[in-house]
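Observations on the model geometry
Listed here are the chains, written in short residue letters.
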Amino acid sequence: MGARRIVLLGPPGSGKGTQAVRLAASLGVPHISTGDLLRSEVQNRTALGREAQRFMDRGELVPDQVVAEMIKHRVQGTTGFVLDGFPRNVKQAQILESVTEVDRALHFRLDRDEIVRRLSARRVCSQCGRVYNLLSSPPKNDALCDLCHGALTQRTDDTPEVIAHRIDVQYAREIGPLVEFYRARSVLREIDARGDIETVYRAACKALE
Ligand code: AP5
């Protein structure tokens, strides 16, 4: 794989987080997830977390500057990263471009029915954060994490109403101009995210060559 400064774009549930973990491990670079960073702020009840939660609960984007401040110092001056969930719009892409170059932007494409199917079956370990899927990658016991035996929970934004809002308000409105932004810089690659995890991973690796 040649590219090391990578951003993952795509609708909720398209597998950005799943693939980011694998790609970051194989490249030896940090996996930076704005969703995970925001959920940790919410869990720790910080001022930022309290502000962010209002948007996340409704399935809306947290204000650009709030998210950008979390990201900038993590990518500035580094030679590699997998950014999962940032940027979400052209404004965020411009902020990112002001601090670092991007070698590849992978756009995961998935239809609405499959998004809803995957997110409805997603379970997350409340202790170690490992992500499962009751249909495609089930835990041995539906209620407990295989690794640490923590309780498995559903994300509060994985309800049908909030999923619909995340697809329509966050993704569908913003993705066209964002894709064009990276296409114009010749770093965009489209990834068919319908296959199983291994198939999508192979496609992502090929797109980084
Ligand atoms: P975030 O956590 O980033 O949520 P998201 O973008 O909606 O993406 P998801 O985490 O839901 O899905 P994913 O694509 O990572 O899929 P996953 O790999 O888990 O953001 C949460 C909130 O924070 C946002 O709504 C917003 O409010 C805020 N926020 C975050 N970033 C922001 C930003 N930059 N600006 C402003 N606000 C921001 O997979 C889903 C499920 O499918 C899992 O169960 C998995 O096991 C399974 N699965 C994965 N791949 C496959 C496969 N190939 N086949 C079958 N099952 C699969």
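Further up the page is the structure itself.
These figures come from a predicted structure and were not determined experimentally. (Residues numbered from 1 in each chain as written. Predicted model: local features only at pLDDT ≥ 70, side-chain atom pairs only at ≥ 80, totals over all residues. Heavy atoms only, no water.)

1. Concerning the sheet that holds strand β5 (residues 122–125)
- In spatial order, the strands read β6-β5-β7; together these 3 strands make up an open sheet with antiparallel pairing. Two strands bound the open sheet, and with one partner strand each, they are β6 (131–133) and β7 (152–153).
- The sheet contact formed by β5 and β6 spans 3 bridges and is antiparallel. Residue pairing in the sheet places R123 in a bridge with Y132 of β6. (Pairing = 2+ DSSP bridges. Helix = DSSP H or I, 4+ residues; strand = E, 2+ residues; numbered from the N terminus.)

2. A closer look at the sheet that holds strand β3 (residues 81–84)
- Taking strand neighbours across the sheet as the criterion, the 5 strands line up as β2-β3-β1-β4-β8 in an open arrangement whose pairing is parallel. At either end of the open sheet lies a strand with only one pairing partner, and these are β2 (31–33) and β8 (188–192). When the angles between neighbouring strand axes are averaged without regard to direction, this sheet yields 20°.
- Along the sheet, helix α2 (residues 34–43) contacts β2 and β3; its crossing angle with β2, the most-contacted strand, is approximately 60°. (Axes fitted to C-alpha atoms, helices over the stretch in contact; angles between N-to-C directions. Contact = heavy atoms within 4.5 Å.)

3. What about the packing of α2 against helix α3 (residues 47–58)?
- Look at α2 against α3: their axes get within 7 Å of each other, and the N-to-C directions meet at 120°. Judged by the sense of rotation from one axis to the other, the crossing of α2 with α3 is left-handed. Counted together, G35, L38, R39, E41 and V42 of α2 and L48, G49, A52, Q53 and M56 of α3 form the full contact between these two elements.
- By residue class, the composition of the contact of α2 with α3 is 5 nonpolar, 3 polar and 2 charged. (Left-handed = near helix turned anticlockwise from the far one by under 90°. Nonpolar A, V, L, I, M, F, W, Y, C, P; charged D, E, K, R; others polar.)

4. Brief notes about the packing of aromatic side chains
- Tallied over the full model, the rule gives 1 aromatic pair.
- With a centroid separation of 5.0 Å and an interplanar angle of 80°, the aromatic rings of F181 and Y182 are classed as edge-to-face. Taken as a pair, F181 and Y182 share a single burial class, namely buried.
- In this structure, R58 packs its charged tip against the face of F55, placed 5.6 Å from the ring centre. (Phe/Tyr/Trp six-rings, centres within 6.5 Å; stacked < 30°, edge-to-face > 60°. Buried < 20%, exposed > 50% of the residue type's maximum accessible area, 1.4 Å probe, protein only. Lys NZ or Arg CZ within 6 Å of the ring centre and 35° of its normal.)

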